[in-house]
Amino acid sequence: MAQKIISRDDLPHFVNKLIRKYEVIAPVKEVNTKFKQVNSFDEIYLDGITEVPAKEFFIPESETILEFKKGRAKEVSRHIKKRVIFGLRMCDLNAIKILDSVMFDKNYLERRKKTFLVGIFCENPDKYCFCNSMELENYFDLFIFPDGDNYRIAIGSNKGKRLVRGIKTSDKDIEIPKPKNKKVLKNKNIEKKYRNKAFEEDARKCLSCSACTAYCPTCNCFDFKDVSDFEGNSKRIRRLSSCMLKNFSEVAGGKSYRDSRLSRFKHFIFHKLVYFKKQKGRYMCVGCGRCLRVCPTKIDWVNTLNKMGERK
Amino acid sequence: MSYEPKRYKIIGVKSFTPDVRLFRVKCKLDPKPGQFLEVSVSGFGECPLASCSHMPEFVDLLTRRAGNVTNAMFNLKEGDSIFIRGPYGKGFPVEKLKGKNLILVAGGTGIAPVTSFINFVEQNRKSFGKVFIYFGFRDEKNILLKDRIERWSKKFNVHICLNECEKHSYEKGFVNDVMDKHKPEVENTVALLCGPEAMMDAVTKELKKLGVTHKNVYWSMERRMECGFGSCGRCQIQDVYVCKDGPVFRYDFIKSRLDNERSSERWSE
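What counts as what
- Residues numbered from 1 in each chain as written.
- Chains lettered and ligands numbered in written order.
- Predicted model: local features only at pLDDT ≥ 70, side-chain atom pairs only at ≥ 80, totals over all residues.
- Heavy atoms only, no water.
- Helix = DSSP H or I, 4+ residues; strand = E, 2+ residues; numbered from the N terminus.
- Rg over C-alpha atoms; globule rule 2.2 N^0.38 Å.
- Areas by Shrake-Rupley, 256 points an atom, 1.4 Å probe, with all protein chains shown as cover.
- Lys, Arg positive; Asp, Glu negative; His and termini not counted.
- Charge placed at Lys NZ, Arg CZ, Asp CG, Glu CD.
- Expected span 1.5 Å × (residues − 1).
- Buried < 20%, exposed > 50% of the residue type's maximum accessible area, 1.4 Å probe, protein only.
- Contact = heavy atoms within 4.5 Å.
- Salt bridge = Lys/Arg side-chain N within 4 Å of Asp/Glu carboxyl O.
- Axes fitted to C-alpha atoms, helices over the stretch in contact; angles between N-to-C directions.
- Parallel < 35°, antiparallel > 145°, perpendicular 65-115°, else oblique.
- Left-handed = near helix turned anticlockwise from the far one by under 90°.
- Pairing = 2+ DSSP bridges.
- Buried area = accessible area lost by both parts, 1.4 Å probe.
- Polar contact = N/O pair within 3.5 Å; in protein donor to acceptor, adjacent residues only side chain to side chain.
- 1 Å grid on protein atoms, 1.4 Å probe; cavity = no way out; pocket = protein on both sides within 12 Å on 5 of 7 lines; lining within 4 Å.
- Points joined across faces, edges and corners; volume = space filled by probe spheres on them.
- Nonpolar A, V, L, I, M, F, W, Y, C, P; charged D, E, K, R; others polar.
- Disulfide = S-S within 2.5 Å.

1. Details of the overall build of chain B
Next up, step 1: The number of helices and strands found in chain B is eight helices and 15 strands.
Next up, step 2: Its C-alpha atoms give chain B a radius of gyration of 18 Å, within 12% of the compact-globule value 18 Å for 269 residues.
Next up, step 3: Dimensions of chain B along its principal axes, counting C-alpha atoms only, are 50 × 45 × 40 Å.
Next up, step 4: Surface exposure of chain B reaches about 11100 Å², of which carbon and sulfur atoms provide 48%.
Next up, step 5: Charged side chains of chain B number 44 positive and 34 negative; the gap between the two group centres comes to 4 Å.

2. Structural notes on helix α8 (residues 251-265) of chain B
Next up, step 1: With 15 residues, α8 of chain B extends 20 Å from end C-alpha to end C-alpha; this agrees with the ideal 21 Å at 1.5 Å per step.
Next up, step 2: Where α8 of chain B is concerned, the buried positions are Y251, I254, R257, L258, N260, E261, S263 and S264 of chain B.
Next up, step 3: The inward-facing, buried residues of α8 of chain B abut α7 (261-280) of chain A together with α6 (197-210), β12 (217-220), β13 (236-237), β14 (240-241) and β15 (248-250) of chain B.

3. Comments concerning the pattern of salt bridges
Next up, step 1: Going through the model one piece at a time under the given rule, you end up with 46 salt bridges over all chains.
Next up, step 2: Of the charged contacts, one joins E200 of chain A and K197 of chain A as a salt bridge, the two residues approaching to 3.7 Å between their closest N and O atoms.
Next up, step 3: Here R234 of chain B ties to D223 of chain A by a salt bridge, and the two come within 3.5 Å at their closest N and O atoms. Linking R234 of chain B in the loop between β12 and β13 with D223 of chain A in strand β10 (residues 222-228), this pair reaches from one chain into another.

4. Notes on the packing of α7 of chain A against α8 of chain B
Next up, step 1: Packing of α7 of chain A against α8 of chain B brings their axes to within 9 Å, and their N-to-C directions diverge by 155 degrees. When the axis of α7 of chain A is compared with that of α8 of chain B, the two are roughly antiparallel. Seen from above, α7 of chain A lies across α8 of chain B with right-handed handedness. Contacts between α7 of chain A and α8 of chain B involve L262, S263, K266, H267 and K278 of chain A from the first element and R257, E261, S264 and E265 of chain B from the second.

5. Some remarks on the pairing of strand β8 (residues 142-147) of chain A
All names here are of chain A.
Next up, step 1: Most of β8 is tucked away: five of the six residues are buried.
Next up, step 2: When strand β7 (residues 115-120) meets β8, the two strands line up parallel, connected through three bridges. The partner of V118 across the bridge, within β8, is L142.
Next up, step 3: As paired elements, β8 and strand β9 (residues 150-155) share six bridges and run antiparallel to each other. Residue P146 lies in a different strand from β9, and its bridge partner there is Y151.
Next up, step 4: Linking β8 to β9, which pair antiparallel, is a turn of two residues; within it G148 sits at a positive phi near 65 degrees.

6. So, the sheet that holds strand β3 (residues 36-41) of chain B
Residues and elements named next belong to chain B.
Next up, step 1: Read from one edge to the other, the open sheet built from six strands follows the order β4-β3-β6-β1-β2-β5, with strand pairing classed as antiparallel. Edge strands, defined here as strands with exactly one partner in the open sheet, are β4 (45-50) and β5 (58-64). Neighbouring strand axes in the sheet, compared pairwise and without regard to direction, differ in orientation by 40 degrees on average.
Next up, step 2: Alignment of strand β1 (residues 6-17) against strand β6 (residues 81-88), held across four bridges, turns out to be antiparallel. Within β6, the residue paired with K9 across the bridge is S81.

7. Considerations on the interface of chain A and chain B
Next up, step 1: Listed per partner, the contact involves 47 residues of chain A and 44 residues of chain B.
Next up, step 2: Roughly 4000 Å² is buried in total at the junction of chain A and chain B, and carbon and sulfur atoms are behind 49% of that figure.
Next up, step 3: Three residues stand out in chain A for area buried against chain B, namely F104, F224 and Y257 of chain A, and they jointly supply 15% of the buried area on that side.
Next up, step 4: Counting across the interface, chain A meets chain B through four salt bridges.
Next up, step 5: Taken together, the connections running from chain A to chain B amount to 32 residue pairs in polar contact (both at pLDDT 80 or more).
Next up, step 6: Among the secondary structure elements, those contributing two or more residues to the side of chain A that touches chain B are β4 (62-69), β5 (72-75), α5 (198-205), β10, β11 (234-240) and α7 of chain A.
Next up, step 7: Sort the elements by how many residues they give to the side of chain A that touches chain B and α7 of chain A lands first, with nine residues.

8. Description of the layout of surface pockets
Over the atoms rolls a probe the size of a water molecule, and its path tells where empty space is left.
Residue and element names in this part refer to chain A.
Next up, step 1: Approximately 310 Å³ is the volume attributed to the second largest pocket.
Next up, step 2: Taken together, 25 residues make up the lining of the second largest pocket; nearest its centre are M90, N132, L136, K178 and P179.
Next up, step 3: Each residue belonging to the lining of the second largest pocket can be placed in one class, and the counts come to 16 nonpolar, four polar and five charged.

9. Focus on the environment of S268 of chain B
Next up, step 1: For S268 of chain B, the location among the structural elements is in the segment after α8.
Next up, step 2: The spatial distance from the C-alpha of S268 of chain B to the C-alpha of E222 of chain B is 25 Å, given a sequence separation of 46 residues.

10. Topic: the state of the cysteines
Disulfide: a covalent bond connecting the sulfur atoms of a pair of cysteines.
Next up, step 1: Summed over all chains, the structure comprises zero disulfides over all chains.
Next up, step 2: In this structure C47 of chain B is not part of a disulfide, and its nearest cysteine sulfur, from C232 of chain B, lies 14 Å away.

11. Points about helix α3 (residues 111-123) of chain B
All names here are of chain B.
Next up, step 1: With 13 residues, α3 extends 18 Å from end C-alpha to end C-alpha; this agrees with the ideal 18 Å at 1.5 Å per step.
Next up, step 2: With twelve of its 13 residues buried, α3 lies for the most part within the structure.
Next up, step 3: Every buried residue belonging to α3 is among I111, A112, P113, V114, T115, S116, F117, I118, N119, F120, V121 and E122, and all of these are buried.

12. Remarks on unusual backbone geometry
Excluding glycine, a negative phi dihedral is what most residues carry, and trans is how most peptide bonds are arranged.
Next up, step 1: For the bond running from G86 of chain B to P87 of chain B, omega is 0 degrees, close enough to zero to count as cis.
Next up, step 2: Examined against the element boundaries, P87 of chain B turns out to sit in strand β6.
Next up, step 3: The omega torsion across G246 of chain B and P247 of chain B is 0 degrees, close enough to zero to call that bond cis.
Next up, step 4: Residue position: P247 of chain B is located in the loop between α7 (242-245) and β15.
Next up, step 5: Here K298 of chain A, not a glycine, exhibits a phi torsion of approximately 55 degrees, which is positive.
Next up, step 6: Among the structural elements, K298 of chain A can be located in the loop between α8 (290-294) and α9 (301-311).
Next up, step 7: Here K298 of chain A falls in the exposed class, since its relative accessible area comes to 53%.

Listed below in structure tokens is the structure:
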């Protein structure tokens, strides 16, 4: 699809125009950097990847999914206003593609339908970023990237086309550039390395705190919790959970099938690189590096896998 | 895909032991043998259970009081309602089993999916060869579905194996030991197993010894199936979801996956 061109100075106007029409969610810097609804372009923070991913706008940390009232169970339907998530990096966009293939409930579908994904090129990846290793694809409604003194807007869908009506079309499309990140995951084909001893060093450092999975833009695992009131009604809440937690694989009676930190740690990495690839034909990791960035004990599994490759 | 369960009426409750009850629920969900249902008690939660009957008009939930939801179920009486969604999973590969001799092995409440299949065999007796049933329980008091077992004893080759046993009408020992003593037919035979994994391990080993290869052994597995359709991740065994790829797996398919997971379980920190 054709690309549009705007000058660098016109980007704020473009975004402010979106804000007048839609609910716009974009990166902001508060206690940490995260996505939040903004009222003006000035609030937006675009220097670097956000610490917190945008997944909460599709799968909230905790959400009522069912209500039991007067002896009936009813799924809670949410009305979502049309909204734009602006400022998603290519890693974040690919993460949403992954969520699209594992989330099937109607509120997720409703949220996706009502959301325009507007990506932006990552001009300043940090030392944890390794997205170029993860075979990312173009997946967006719009994607903005620099082209000399201008920005180009690539259109990824008919939905996206609606947002750029009236903007100058370029004569010729150019390819979306790749971010300049230095970290590389050399060794992704680890299927046969499940029993490699190198995982044990990392697992020893792991606190099972689940920060990696909480900050991961693709981790969607959840469980249910019922809460009741004093009138005999109750509701079922879906909460994000984590395979890093011992009770995640627990069955009635107390047996936990991934009881050891090692097996949980490996499950996380293998799910990202091996299991998901087998199930859906692509990696579940997008190389955003958030798990490495937030790990309190600085576990660098990318490095561990790279070393594994050298040893064979 | 929906998380919304429907309300159904409990039309009978039968107590077997202080911990195990059978809840008969009127519904036309008609799960295939080996499939499971997500059963809810409002305010307490949801848990995966298999029906132990194969009937179009009702499901039988053979329930051991073991967790939050099953404990809450024990407060329910005939006439009360219960919420169910499903059925989920693939169940036993019924079509592939036709024309075969069957070895059906189960322990404790693990008999539920297997008994549902036995029901199916009764309804389609001519489609199957000889049937050998080995059920393991702790002792005589813990024998479940006694009436059905008596009925089946007249039709099939039934062995009840008890860990502690005084009477001669039952057999003492683990299922695999009893099987070693009273050997089943192994030619053109498929074995279906459900129970604690340690039991299924021992039985699978014994079956191999007797001549039933791993590709003719099916395990019905227990995991925490939360959503039922491969979204929540709780029941994953490596790259498979027990809820949607199982809960019944051919042993040669699941073995390497289990071996891997167990290898890291043995890790000492």
